[in-house]
Structure formats: C-alpha cells, structure tokens
Amino acid sequence: MKAILFTPVRYLKNFQFWLLGIAAGLIAIHLTVTWRFGDINLLGVSVLFWLAVSSLIWRKRSCLNLESGALSSLLGALLVAIVLLKSTSLTGSHFIRLSPFLSAVGLALLASGFKGLKQYWQELTVLFFLGVPQVILSSLSIDTSLITAQFAAFILWYLGFEVSRQGVYINLPGGGVEVYPGCSGLENMAHLLGLAILFLAMFPMNWGQKILAPIVAVTLAFLVNGFRVAFMTVLAASSQLETFEYWHKGGGSLVFSLIAVLLFGLFCLFSIRQQEPVERDTA
Amino acid sequence: MVLTATAVVLSLTPAATYAVTVGQPFSHPMREDIFSDSMIEDPSADVMGLNLAQLLETYFSFKALNVTIANRSTVASDLRARFSSTATRSAVANEAIGADLETVPEPFTILGTGLALGFGGLLHREYSRKQKTSKQKTQ
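Note that the structure is predicted; figures quoted are calculated from it, not measured.

Enquirer: Hey, could you run me through the overall build of chain A in this one?
Expert: When its secondary structure is counted, chain A shows 11 helices and three strands. Starting at the N terminus and walking to the C terminus, you meet the elements of chain A as α-α-α-α-α-α-α-β-β-β-α-α-α-α. In terms of overall dimensions, chain A has a C-alpha envelope of 80 × 50 × 40 Å along the principal axes. Per-residue burial over chain A gives 48% buried out of 283 residues. For chain A, the proportion of contacts with a sequence separation of at least 24, taken over those separated by at least 6, is 72%.

Right, here's the structure in full:
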C-alpha cells in the first residue's frame, strides 16, 4: 500500500517524466486539433511522423544529455506555451502544420538547452518536413499547374490522342480539363518528400542515397500526378461524369497516392538491399 | 481540378476559340444556337463579355466560370483584357453566376500514409536482417 502511494510522487520528482508528460500532451493536442480541423491527410501523416519520432527518441533515450540553462528553458517554455495558447483558437491550417516543429524545438530547449539541440537534429528535421514545406510553398504561392498540364498533355500526345493545350487547359476533341493548383501535385510531392526524409532518418543511408531519395520521391509524385491528370482528361472528354467524379473526388482518387507510395516504398526496399549497412546515429 | 474542371472548346469562327470552364464535363454542340453571326462579326468587348457570361448561364448550370482565349483576334484581346485579372474574373463570374464557387479539394493521401506505415515495418525487418547478416560476416 505504501509503495503504491509513493511511487507516483517519486515519478513526479523525475525530470524525465515531466518531459515525457509534456511531449505526450503536445502530441495528443496536435492530433486532436488536426482531427477537429478535419484535415484527414495531415492527421494520417502526423500519426506516422509522431510514431517515427517517438521511436527515434526511444532508441537514443539512454545517451541523451538532459541539461538545460535558464534562458533556453525559458525560451522552450515560451514556445510550448505559444503552441498551447494558439491551439485554443485556430484560424487556419498553417499553424497546425507548424506546431509539431515548434513544439519539438520548445521541448528540446527545455530538455537539453541550446547546446543539446543537435542531439535532436533527426527528429527536428522529420517534424520540419511534416508541415513546414507546405506552409512555405503556400506562402510563396508556388504553383506547378502549368508544368503538370504540359506533362499531362505530353503523355496524351505520346499515347496518340489529339490533344491541345492552352496554359493550364488541356483539351481533347470531346472536352477537357483545367489543372487547378489543388491538382498540380504539390500536396503529393510534399507528402512523398516527407516520407523520404522519414526513411532517411529511420534507416541511415550513404550520401548518394541521401541525395537520391528526396529527388526520387518528388519525381515519382509528379509523374503519378501527371498520369492522373491525363486520365482525368480522357474521362472528361468521354463525358463519363460519374466515372470522372469517382476518380477525381471519390474512392478512386485514393489510389493515386497509393501508387506513388508503393513505388517509393519499392525504391526504399531496393535501396536497403543494395547498400552496405551504415551505423545508426544515436547521438 | 474540381467538379468545375472541364473545359469545353467552342469553335466560334475559324480564328477564335473560347475555352470555357463549366460545372459539368460536356461536349458542346450548340454554337449556332448561342452565338449569332452578327455577334461574332461585331463583338463589342463590353457587350460581348457580359453577354457571353449571361448566355452561358442561361444555357448551362454553372458552378464556376473562366474564359480563356486561344487566338489573337480583336475579340480575343478584348475578352482577355476583361478576364485577365482574377479580381475582375471573379467579379464578373459572381455577378453572372452568384458566389457559388466550389473549393478545390486536395487529393487524399491517407491510404498512401497507411501503406507507408506498412512499408515501415517491412523496411525495418529488412534493415535488421541486413545488419545481422553483416555482423555475422565480420565475425
């Protein structure tokens, strides 16, 4: 009876358990807010990334230096407080995408200070690619619609269709499509780029693979989206509205990201089988 | 692409082609019905721009409207000027159609994420196997 009463108190005095509690709370808040916001894509990716980051931290838990200064602790606590306060009144999706990285920086500062930040470079990089690139792309209004339209038109031309293109409009004799920014493939490219960074963090590769994996990820996402747009154009031209809707917004639309991830997964498997083992970075 | 992402090319004259984004994909047969010859021959920019939207609204149920011009005729230049800025285009579209523009959904990646999770397990097993084999070789 005595042991049951005093064990929690002993845990409360342990700094590591406070950190663990704060981290678990921040993850739970982020996932809940994302779920409430209705961003299913981000929710799925967030679960995956948080699992990966937790696994990376767990792997190196025994050799982490947990010493922090007053200033770094104050700054860390401030960042965590900002994330918590902002989570109560969300006005847009940008903050949901930024908050994992901000939370992680705040927690790392609380745990290990400025000098200890480099211990967490892998985890911070992974969480950076969870949402920050999309925010940057969105802020800079980068739009690859024209390139996607050009590529899709090229595919159709190569397949023997009588295709004509005017800017982002792809036309076939029976109809055509306009490639909007939402269909330009940026979301898929950012998604696969994040997965590539996650792959490199989880499985140490040589420098060649480190450069190649993100390039392959982005290229695959672009190619798959190009074929998707070409397919949509053919469906629109054949006036099959129901089929068009199914492949555009219904269950069929899920298949394209599945194909991209499948191809990239096969590339990762091939990379692991090809290369000599590299020591995991536990520092 | 959205529901409104199907462009229909209306061949008005040999020189002028209008690509109109409409709510539903359709192939267009009604050029003679919509545009009289006089309209094509004497296309005042203001009148033409407004009438084009109104006529199309009458004939089709729109969710969005965009007009692009595929050649450099006088008509095309006027219309391009009229619809070149997003603000102007939106204003014209909203005036003619009402503010009933549909937002463009991003493609869902949730299944891809699930597959990535599965691949993570497979890759982890493969990586561990590779490490083990390598250690055995060095011993």
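Enquirer: Would you mind showing me how to read the overall build of chain B here?
Expert: When helices and strands are tallied, chain B shows six helices and three strands. If you list the helices and strands of chain B from N to C, you get β-β-α-α-α-β-α-α-α. Relative to its 139 residues, chain B shows a buried fraction of 40%. For chain B, long-range pairs separated by at least 24 residues make up 56% of all intrachain contacts whose partners lie at least 6 apart in sequence. If you sum the accessible surface of chain B, you get close to 7,300 Å²; carbon and sulfur atoms cover 52% of it.

Enquirer: What exactly am I supposed to notice about the pattern of salt bridges here?
Expert: For side chains bearing opposite charge, pairing can occur when the charged atoms are close. Going through the model one piece at a time under the given rule, you end up with four salt bridges over all chains. Taking the shortest distance from any N to any O, the salt bridge between B:Glu126 and A:Arg273 comes out at 3.0 Å. Taken together, the residues B:Glu126 in helix α6 (residues 110-138) and A:Arg273 in helix α11 (residues 253-274) connect one chain to another. Classification of A:Arg273 by relative accessible area gives partly exposed; the value is 46%. In this structure, B:Glu126 engages B:Arg129 in a salt bridge whose closest nitrogen and oxygen atoms are separated by 2.6 Å. Placement of both B:Glu126 and B:Arg129 in helix α6 is noted, with a separation of three residues, approximately one turn of the helix. Salt bridges sharing common partners tie together A:Arg273, B:Glu126 and B:Arg129.

Enquirer: What am I meant to see in the environment of A:Ala196 here?
Expert: Residue and element names in this part refer to chain A. As for its placement among the helices and strands, Ala-196 is situated in helix α8 (residues 186-202). Overall, Ala-196 belongs to the buried group, its relative accessible area being 0%. For the pair formed by Ala-196 and Cys-268, sequence separation is 72 residues and the distance between their alpha carbons is 8.6 Å. With residues near it in sequence (within four places) discarded, Ala-196 still touches Ala-213, Pro-214, Ala-217 and Phe-264.

Enquirer: I tried to follow the environment of A:Gly160 on my own but got confused; where do I start?
Expert: Residues and elements named next belong to chain A. Looking at where Gly-160 falls in the secondary structure, it is placed in the loop between α7 (145-158) and β1 (164-166). Assessed through its relative accessible area of 60%, Gly-160 is described here as exposed. On a C-alpha basis, the gap between Gly-160 and Glu-67 in space is 66 Å, while along the polypeptide they are 93 residues apart.

Enquirer: Where do I start with the packing of α7(A) against helix α9 (residues 207-237) of chain A in this structure?
Expert: The geometry of a pair of packed helices is captured by two quantities: the angle between their axes and the separation between those axes. Residues and elements named next belong to chain A. Running from N to C, α7 and α9 cross one another at 65°; their axes reach a closest spacing of 8 Å. Once α7 is placed against α9, the crossing between them reads as right-handed. Of the residues in α9, those in contact with Ile-147, Thr-148, Phe-151, Ala-152, Ile-155 and Leu-156 of α7 are Phe-222, Leu-223, Asn-225, Gly-226, Phe-227, Val-229, Ala-230, Thr-233 and Val-234. Residue composition of the contact of α7 with α9, by class: 11 nonpolar, four polar and no charged.

Enquirer: It is not clear to me how the packing of aromatic side chains should be interpreted in this structure. Could you clarify?
Expert: The geometry of an aromatic ring pair is captured by two quantities: the separation of the ring centres and the angle between the planes. All names here are of chain A. Under the defined criterion, the tally for this structure stands at 14 aromatic pairs over all chains. Arranged with centres 6.3 Å apart and planes meeting at 55°, the rings of Trp-157 and Tyr-158 form a pair that is tilted. Among the residues examined, Trp-157 registers a relative accessible area of 54% and is labelled exposed. By relative accessible area, which is 64% here, Tyr-158 ends up exposed. Consider the rings of Phe-199 and Phe-203, whose centres lie 5.7 Å apart with planes at 45°: the pair is tilted. Here the guanidinium or amino end of Arg-228 rests over the ring plane of Phe-256, the centre of that ring lying 5.9 Å away.

Enquirer: Explain the side chain of A:Thr148 to me, please; I cannot follow it from the model alone.
Expert: Positionally, A:Thr148 belongs in helix α7. Judged by relative accessible area, A:Thr148 falls into the buried class, the value being 1%.

Enquirer: I would appreciate a short explanation of the confidence of the model for chain B in the present structure.
Expert: Close inspection of predicted coordinates is inappropriate in any region flagged by low pLDDT. Residue and element names in this part refer to chain B. Confidence in the prediction of chain B, expressed as mean pLDDT, is 49, and 23% of residues score 70 or more. α6 holds the highest mean pLDDT among the elements of chain B, 86, whereas helix α4 (residues 74-83) holds the lowest, 30. Ignoring residues within four places in sequence, the model shows residues 1-104, a span with pLDDT below 50, making 187 contacts including any to other chains.

Enquirer: Mind showing me how you'd approach unusual backbone geometry here?
Expert: Most peptide bonds are trans, and most residues other than glycine sit at a negative phi. Residue and element names in this part refer to chain A. You will see that Ser-141, though not glycine, has its phi angle at about 55°, which is positive. Positioned with a positive phi, Ser-239 is a non-glycine residue whose angle comes to about 60°. Considering the arrangement of structural elements, one finds Ser-239 in the loop between α9 and α10 (241-248).

Enquirer: For this particular structure, what's the right way to read the pairing of strand β3 (residues 175-178) of chain A?
Expert: Every regular strand shows the same layout, with side chains that alternate between the two sheet faces. All names here are of chain A. On β3, burial covers both faces: Gly-175 and Val-177 on one face and Gly-176 and Glu-178 on the other are all buried. Pairing geometry for strand β2 (residues 169-172) and β3, over four bridges, is antiparallel. Along β3, the bridge assignment pairs Ile-170 with Val-177. Remark: two residues form the turn of the hairpin made by β2 and β3, two consecutive strands paired antiparallel.

Reading the values: the criteria
- Residues numbered from 1 in each chain as written.
- Chains lettered and ligands numbered in written order.
- Predicted model: local features only at pLDDT ≥ 70, side-chain atom pairs only at ≥ 80, totals over all residues.
- Heavy atoms only, no water.
- Helix = DSSP H or I, 4+ residues; strand = E, 2+ residues; numbered from the N terminus.
- Buried < 20%, exposed > 50% of the residue type's maximum accessible area, 1.4 Å probe, protein only.
- Contact = heavy atoms within 4.5 Å.
- Areas by Shrake-Rupley, 256 points an atom, 1.4 Å probe, with all protein chains shown as cover.
- Salt bridge = Lys/Arg side-chain N within 4 Å of Asp/Glu carboxyl O.
- Axes fitted to C-alpha atoms, helices over the stretch in contact; angles between N-to-C directions.
- Left-handed = near helix turned anticlockwise from the far one by under 90°.
- Nonpolar A, V, L, I, M, F, W, Y, C, P; charged D, E, K, R; others polar.
- Phe/Tyr/Trp six-rings, centres within 6.5 Å; stacked < 30°, edge-to-face > 60°.
- Lys NZ or Arg CZ within 6 Å of the ring centre and 35° of its normal.
- pLDDT = per-residue confidence, 0-100.
- Pairing = 2+ DSSP bridges.

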